[in-house]
Amino acid sequence: MTSETVEILIVEDNDYDAQIAIRALKTNKLDNKLQRLRDGEEAIDFFEEMKKSERIYRPKVIFLDLNMPKVDGHELVEYLKSDPLTEHIPIVIMTSSDLQADIIKSYNLGVNSYVTKPLDLPQFMNVIAEIGYYWLAINRVGE
């Protein structure tokens, strides 16, 4: 899938959490244009490829984990917010961290939402589905 077709970008190193998110979005028919990347380095490569494209099409939302190898979530947010082509893409932090320092730093860097992953599987799936529905069906952004 190329960057021209992605509406939801999931950047998550944990296979289990990524599969839960994808299953929740599929169950609610929100997975039509979804791509999962395993870490911030893959995400940077994805956006660098997008910038080289003749037709720039940005994802409608990024679900982003904080604690990842290579390039962590905060570093990826800094990268995205520093570029006029990606600075307005909504970013939803989906993490197990409930630390106030992580929450404050995330909002200071410009994320749109910070969600602590629920431990209960049905609740986690419901949260993902609701967030996906909001960003894809309800929220409007300028192109």
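Reading the values: the criteria
Residues numbered from 1 in each chain as written. Predicted model: local features only at pLDDT ≥ 70, side-chain atom pairs only at ≥ 80, totals over all residues. Heavy atoms only, no water. Salt bridge = Lys/Arg side-chain N within 4 Å of Asp/Glu carboxyl O. Helix = DSSP H or I, 4+ residues; strand = E, 2+ residues; numbered from the N terminus. Buried < 20%, exposed > 50% of the residue type's maximum accessible area, 1.4 Å probe, protein only. Pairing = 2+ DSSP bridges. Axes fitted to C-alpha atoms, helices over the stretch in contact; angles between N-to-C directions. Contact = heavy atoms within 4.5 Å.

Visitor: Summarise the pattern of salt bridges; cite the residues concerned and give the values.
Guide: In this structure the tally under the stated criterion is ten salt bridges. Across the pair Lys51 and Glu48 runs a salt bridge whose closest N-O atoms are separated by 3.2 Å. In this pair, Lys51 and Glu48 both sit in helix α2 (residues 40–52), three residues apart, roughly one turn of the helix. You can call Lys51 partly exposed: its relative accessible area is 22%. Residues joined in a network through salt bridges with shared partners are Glu12, Asp17, Asp65 and Lys117.

Visitor: For the sheet that holds strand β1 (residues 8–11), give the residues involved together with the corresponding values.
Guide: In spatial order, the strands read β2-β1-β3-β4-β5; together these five strands make up an open sheet with parallel pairing. With partners counted over all chains shown, the strands left at the sheet margins are β2 (34–37) and β5 (113–116), one partner each. Put simply, the sheet's adjacent strands are angled 20 degrees from each other on average, direction ignored. By the bridge criterion, four bridges tie strand β4 (residues 91–95) to β5 in an arrangement that is parallel. Bridging across to β5, Val92 finds its partner in Ser113. Across the sheet, helix α1 (residues 15–27) lies against β1, β2 and β3 (61–64), angled at about 175 degrees from β2, the strand it touches most.

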